[in-house]
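Descriptive structure summary
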Amino acid sequence: MPKTFAISLNGTTDLPAGKIAAVVTSLEMFSAPTRRPDPPGVAGFSLEPIGREDVARYLAVYRLLGERWMWFSRLVKPAEGLRAILSDPAVDFFAVRFDGRDVGLLELDFRVEGEGELAFFGLDESVVGKGAGRWLMNRALERAWARPIGRFWVHTCTLDHQGAVEFYQRSGFSAFKRSVEVDDDPRLHGAMARTAVPHHPVIE
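The shown structure was predicted, so the numbers you read here are calculated from the model rather than taken from an experiment.

**Description of the overall build of the chain**
- Across its full length, the chain holds 5 helices and 7 strands.
- The order of α-helices and β-strands along the chain, N terminus first, is β-β-α-α-α-β-β-β-α-β-α-β.
- A compact globule built from 204 residues would reach a C-alpha radius of gyration of about 17 Å, and the chain, at 18 Å, matches this within 12%.
- Each principal axis of the C-alpha atoms in the chain carries an extent, and together these give about 50 × 35 × 35 Å.
- The buried share of the chain, taken over its 204 residues, is 42%.
- Residue pairs at least 24 apart in sequence account for 70% of intrachain contacts in the chain once pairs closer than 6 positions are excluded.
- A total accessible area of about 11100 Å² is found for the chain, and carbon and sulfur atoms account for 53% of it.
- For the chain, the distance from the average position of its 25 positive side-chain charges to the average position of its 27 negative side-chain charges is 2 Å.

What follows is the structure, encoded as structure tokens:
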């Protein structure tokens, strides 16, 4: 299969079978926004660092969240590449804990000098609607702007929750770029279950 193909900028482009595509929106901020208060009822949530050698726990949390929203970049990355990211002191990653279990992931990437990336931000469906999203964003912003950065950014896509862009904008981010991302469907190669992301059916 060819590595590239032309995309129509005024119309529909058919993808080859076995491929998936998403429109990516990138957002950024250049200073810490005014802090929004934590919602009521979030005292039971906490952040717990995932051990840098605990790849199994990291991937378990990643799968818990990602098999709903087509997160797969970490699943297809070679083991040595993933270990290199998790062992880098410029990358911080935490499990969100609630009721004695892991229910979310926060990953902050400071490998580019002067910048921070909200690399992964997600919560299990069981805690959505409990104020956990705002609580977690407050923790992310506190930790990011405690670093010597001048820019904090994030990207999301049309495979993610439909309210993601608005949530990031309410949190102080502004959109600056839109992209089209095309990749192999990870469900066809065993990286994700065939039944994952049912709202985006497998086509082969």
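**Topic: the sheet that holds strand β2 (residues 46-49)**
- Here we have 7 strands laid out as an open sheet, ordered β2-β3-β4-β5-β6-β1-β7, and mixed in their pairing. What marks the edges here is a single partner per strand, and that holds for β2 and β7 (174-184). The mean angle between the axes of side-by-side strands here comes to 30°, regardless of whether they run parallel or antiparallel.
- Both strand β4 (residues 101-109) and strand β5 (residues 115-123) contribute to a ladder of 6 bridges, which runs antiparallel. The partner of Leu105 across the bridge, within β5, is Gly122.
- Of the strands in this sheet, β1 (19-29), β2, β3 (91-98), β4, β5 and β6 (151-157) touch helix α4 (residues 132-145), which is tilted by about 160° from β5.

**Some words on unusual backbone geometry**
- Positive phi is not limited to glycine here, since Met70 has a value of about 65°.
- With respect to the element layout, Met70 can be found in the loop between α1 (55-69) and α2 (73-76).
- Non-glycine residue Asp99 carries a positive phi angle of around 55°.
- The class of Asp99 is exposed, set by a relative accessible area of 65%.

**Brief notes about the layout of surface pockets**
- Of the pockets and cavities examined, the largest pocket occupies roughly 600 Å³.
- As for the largest pocket, its lining consists of 29 residues, of which Trp71, Ser73, Phe120, His155 and Glu181 are closest to the centre.
- By residue number, the principal contributor to the lining of the largest pocket is β5, which donates 5 residues.
- Across the lining of the largest pocket, the residue classes tally to 19 nonpolar, 3 polar and 7 charged.
- What the second largest pocket holds in volume is close to 510 Å³.
- Taken together, 23 residues make up the lining of the second largest pocket; nearest its centre are Phe121, Leu123, Val128, Gly133 and His161.
- If you list the elements that add at least two residues to the lining of the second largest pocket, you get α1, β5, α4 and α5 (164-170).
- The residue makeup of the lining of the second largest pocket, split by class, is 11 nonpolar, 6 polar and 6 charged.

**Some thoughts on the environment of Leu105**
- Of note, Leu105 is situated in strand β4.
- The exposure class assigned to Leu105 is buried, which follows from its relative accessible area of 0%.
- Along the backbone, Leu105 and Phe173 are 68 residues apart, and their C-alpha atoms lie at a distance of 20 Å.
- Setting aside residues no more than four positions away along its own chain, Leu105 makes contact with Ile50, Tyr58, Val61, Tyr62, Leu65, Trp71, Phe94, Val96, Phe120, Phe121, Gly122 and Leu136.

**Describing the environment of Leu106**
- Tracing the backbone through its elements, the reader meets Leu106 in strand β4.
- Separated by 52 residues in the primary sequence, Leu106 and Asp54 place their C-alpha atoms 15 Å from one another.
- Leave out the neighbours within four places in its chain, and Leu106 touches Leu47, Asp92, Phe93, Phe94, Leu118, Phe120, Phe121, Leu136 and Ala140.

Cut-offs used in this document
Residues numbered from 1 in each chain as written. Predicted model: local features only at pLDDT ≥ 70, side-chain atom pairs only at ≥ 80, totals over all residues. Heavy atoms only, no water. Helix = DSSP H or I, 4+ residues; strand = E, 2+ residues; numbered from the N terminus. Rg over C-alpha atoms; globule rule 2.2 N^0.38 Å. Buried < 20%, exposed > 50% of the residue type's maximum accessible area, 1.4 Å probe, protein only. Contact = heavy atoms within 4.5 Å. Areas by Shrake-Rupley, 256 points an atom, 1.4 Å probe, with all protein chains shown as cover. Lys, Arg positive; Asp, Glu negative; His and termini not counted. Charge placed at Lys NZ, Arg CZ, Asp CG, Glu CD. Pairing = 2+ DSSP bridges. Axes fitted to C-alpha atoms, helices over the stretch in contact; angles between N-to-C directions. 1 Å grid on protein atoms, 1.4 Å probe; cavity = no way out; pocket = protein on both sides within 12 Å on 5 of 7 lines; lining within 4 Å. Points joined across faces, edges and corners; volume = space filled by probe spheres on them. Nonpolar A, V, L, I, M, F, W, Y, C, P; charged D, E, K, R; others polar.

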